[in-house]
Amino acid sequence: MSLKCGIVGLPNVGKSTLFNAITQAGAESANYPFCTIDPNVGVVSVPDHRLDELTKLVQPKKTIPTTFEFVDIAGLVAGASRGEGLGNQFLAHIREVDAIAHVVRCFIDDDITHVTGKVNPVNDMEVINLELVLADLESMERCLERLNSKLKSRDKQAEKERLLIQKLIDTALAQGQPARSITFTEEEQQLLRPYHLLTIKPVIYVANVGENDLLHLDSNLFLQQVKTYANKENALVIAVSAQVESEIAELQGEERQMFLEELGLKESGLDKLIRAAYELLGLHTYFTAGPQEVRAWTISAGTAAPQAAGVIHTDFERGFIRAETVAYNDLIAAGSTAQAKKNGRYRLEGKEYVVQDGDVIHFRFNV
């Protein structure tokens, strides 16, 4: 499944620097607003130590990780919902992503100007969030007008949507609150999906701190302000240093690991961001492993075996017979598929089986 995470924030908060680091895509970065006019897109491999261990075990001809797509969306400003700073164009890019990584500046550097003249993370977050709310409010008000015209023909579906949108406006958007502040039923979620609401998308707040703050995060008052704000909407917060990520991106293998250890870090900001995104979107990874290739696949938690097979190819889902399955930990402990079978850890699962994170699966199908 193709997943996109949009990187947003005010100008000069470190969005493009972070994007460059995690994708090594070379997006232009400069000390002035709107440096990124068109969204830069970068596809990154999802780091997963399990894939490395399976490769050692199976020794395939090739190894293919699952991927995650990041979209660097140009800096929004106050008034973006009315078109300020090319806002309408940028808001359209946000509608296309699955989740939002909202980068917030949590460092002071006199050489890097701030669009408002002062570092104030809470104000920055409120500016962006309000613009997204206002954009959704305007969009939903237009939808209400269209739905009201349909009611003359006694369209029951239109009436359902009208009531839901009115509820959304009255209880959230008109109050300056995002759509995600409301708990929707599964049916309501289905009704709202075609509208591509900006504020219903899950958000990760990415606090961009200075290099010296990484080992003393509790001392960064800006970061604490971001966490307090995010707690109000049960949002995730991760702290990264875009500058450090730039340095990490230039290293490979042992050099990269040594650099992380020297900084006292267990993982890179990219690893943290992807892990947070997976948690936010409720994603799992399963694996296929054979002499030709070992490969990771991304699915939503709760996906049944036939639909998981369909991620590989629609024929796999259409002609699904069974899933020959072993848990990653059991396979590694056994040392081989043959031994896993002897240990009674190899299972034959049918159409009702819900694929678990870390399953290693061989699908049987017939078309």
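Remember, predicted model here, so these are calculated numbers, not experimental data.

What counts and how
Residues numbered from 1 in each chain as written. Predicted model: local features only at pLDDT ≥ 70, side-chain atom pairs only at ≥ 80, totals over all residues. Heavy atoms only, no water. Helix = DSSP H or I, 4+ residues; strand = E, 2+ residues; numbered from the N terminus. Buried < 20%, exposed > 50% of the residue type's maximum accessible area, 1.4 Å probe, protein only. Contact = heavy atoms within 4.5 Å. Areas by Shrake-Rupley, 256 points an atom, 1.4 Å probe, with all protein chains shown as cover. Phe/Tyr/Trp six-rings, centres within 6.5 Å; stacked < 30°, edge-to-face > 60°. Lys NZ or Arg CZ within 6 Å of the ring centre and 35° of its normal. Polar contact = N/O pair within 3.5 Å; in protein donor to acceptor, adjacent residues only side chain to side chain. Core = buried A, V, L, I, M, F, W, Y, C linked by side-chain atoms within 4.5 Å. pLDDT = per-residue confidence, 0-100. Axes fitted to C-alpha atoms, helices over the stretch in contact; angles between N-to-C directions. Parallel < 35°, antiparallel > 145°, perpendicular 65-115°, else oblique. Nonpolar A, V, L, I, M, F, W, Y, C, P; charged D, E, K, R; others polar.

Right, let's get into the overall build of the protein chain. When its secondary structure is counted, the protein chain shows 14 helices and twelve strands. Taking all 367 residues of the protein chain together, the buried fraction comes to 48%. Of the contacts made within the protein chain by residues no fewer than 6 positions apart, 69% connect residues no fewer than 24 positions apart. Counting every atom, the protein chain has about 18400 Å² of accessible surface; 48% of that belongs to carbon and sulfur.

Right, let's get into the packing of aromatic side chains. Think of a pair of aromatic rings as described by two things: how far the centres are apart, and how the planes are tilted against each other in angle. The final tally for this structure, using the stated rule, is six aromatic pairs. Between Phe-68 and Tyr-278, the ring centres sit 6.1 Å apart and the planes meet at 35°, which makes this aromatic pair tilted. With Phe-68 in strand 4 (residues 67-72) and Tyr-278 in helix 10 (residues 269-281), this residue pair connects regions lying 210 residues apart in the sequence. Each member of the pair Phe-68 and Tyr-278 is classed as buried. Between the NZ or CZ atom of Arg-105 and the centre of the ring of Phe-107, over which it lies, the distance is 4.6 Å.

For the rest of this paragraph, the subject is the environment of Glu-324. Mapped onto the elements, Glu-324 comes out in strand 10 (residues 320-327). Placed 36 residues apart in sequence, Glu-324 and Val-360 show a C-alpha to C-alpha distance of 8.3 Å. Beyond its immediate chain neighbours, meaning those up to four positions away, Glu-324 contacts Tyr-346, Arg-347, Leu-348, Val-360, Ile-361, His-362 and Arg-364. In terms of polar contacts, Glu-324 uses its side chain to reach the side chain of Arg-364, at 2.9 Å.

With 59 residues, the main nonpolar core has Phe-68, Phe-70, Ile-94, Tyr-205, Val-206 and Leu-273 as its most contacted residues. Looking at this core, the element that brings in the most residues is helix 10, giving six residues.

Right, let's get into unusual backbone geometry. Even without being glycine, Gln-59 reaches a positive phi, approximately 55°. Turning to its location among the elements, Gln-59 is positioned in the loop between helix 2 (49-58) and strand 3 (62-64). Phi is positive for His-196, close to 50°, though the residue is something other than glycine.

Attention now goes to the confidence of the model for the protein chain. Model confidence for the protein chain is summarised by a mean pLDDT of 86, while 87% of its residues fall at 70 or above. Counting interchain partners and residues more than four positions distant, the pLDDT-below-50 stretch residues 26-37 has 33 contacts.

So, on to helix 1 (residues 15-23). For helix 1, the tally of buried residues reaches eight of nine residues, placing the bulk of the element in the interior. Taken together, the buried positions of helix 1 are Lys-15, Ser-16, Leu-18, Phe-19, Asn-20, Ala-21, Ile-22 and Thr-23. Two residues or fewer after helix 1 comes Gln-24, characterised by a positive phi angle close to 50°.

Put simply, helix 8 (residues 242-249) and helix 9 (residues 253-262) touch, their axes get as near as 9 Å, and they point 150° apart. Taken together, the axes of helix 8 and helix 9 are roughly antiparallel relative to one another. Every residue of helix 9 that contacts helix 8 at Val-244, Glu-247 and Ile-248 is listed here: Arg-256, Phe-259 and Leu-260. A per-class count over the contact of helix 8 with helix 9 returns four nonpolar, no polar and two charged.

To continue, consider helix 8. Note: α-helices contain 3.6 residues per turn, so residues at a spacing of three or four share the same orientation. The buried fraction of helix 8 is high, at six of eight residues. Along helix 8, the residues that are buried comprise Ala-242, Val-244, Glu-245, Ser-246, Ile-248 and Ala-249. Residues of helix 8 that are buried sit in contact with helix 1, strand 6 (203-208), strand 7 (236-240), helix 9 and helix 10.

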